[in-house]
Amino acid sequence: PNILLKNLSSDVIKQFLQKMPSGAFIGRFIVQKELDDGILHEIKIAEGPPLARFYLAYMDAQYIPGKIKHFLAGASGFRPKFKGAG
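The structure presented is a predicted model; accordingly, all values stated were derived computationally and were not measured. (Residues numbered from 1 in each chain as written. Predicted model: local features only at pLDDT ≥ 70, side-chain atom pairs only at ≥ 80, totals over all residues. Heavy atoms only, no water.)

As for the overall build of the chain
The helix and strand tally for the chain stands at three helices and zero strands. Listing the helices and strands of the chain from first to last along the sequence gives α-α-α. Relative to its full complement of 86 residues, the chain shows a buried share of 13%. Taking the contacts inside the chain whose residues are at least 6 apart along the sequence as the reference set, 5% of them involve residues at least 24 apart. (Helix = DSSP H or I, 4+ residues; strand = E, 2+ residues; numbered from the N terminus. Buried < 20%, exposed > 50% of the residue type's maximum accessible area, 1.4 Å probe, protein only. Contact = heavy atoms within 4.5 Å.)

Pasting the structure below:
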């Protein structure tokens, strides 16, 4: 499908969905009220939910608390290279 819009606020996406025959990948919690009210409709994907990638940007590891470093080190596929890790 053509991608018309991306990186928009959830409110703009919801308005667009209500006015145009379209679809969007959006968190269920963002549109739960519209789903409950029958305004928007869910389309289930046979293969399961799509995977999402998340990114972390930081200026310097010294500003990341040790507990956060430990959590990130245990995250699947995330192998941080902190200078002077501690």
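Continuing now.
A short note on the environment of Q18
Locating Q18 in the fold gives a position in helix α1 (residues 10-19). The exposure class assigned to Q18 is partly exposed, which follows from its relative accessible area of 45%.

Overview of helix α2 (residues 28-36)
Looking only at α2, the buried set comprises V31, E34 and L35. Looking down the long axis of α2, one finds its buried residues gathered within 100° of arc, a one-sided arrangement. Away from the buried face of α2 by more than 90 degrees, exposed residues F29, K33 and D36 are located. Looking at the packing, one finds that the buried side of α2 touches α1. Looking at the residues trailing α2, positive phi occurs at G38, about 80°. (Arc of directions from axis to C-beta.)

Here's the deal with the pattern of salt bridges
Enumeration over the complete set of coordinates arrives at four salt bridges. Across the pair D11 and K14 runs a salt bridge, and its minimum N-O distance is 4.0 Å. Residue D11 and its partner K14 are located together in helix α1, separated by three residues, close to a single helical turn. Across the pair D37 and K33 runs a salt bridge whose closest N-O atoms are separated by 2.7 Å. When salt bridges that share partners are traced, they join D11, K14 and E34 into one network. (Salt bridge = Lys/Arg side-chain N within 4 Å of Asp/Glu carboxyl O.)

By themselves, these are just geometric observations and shouldn't be taken as functional.
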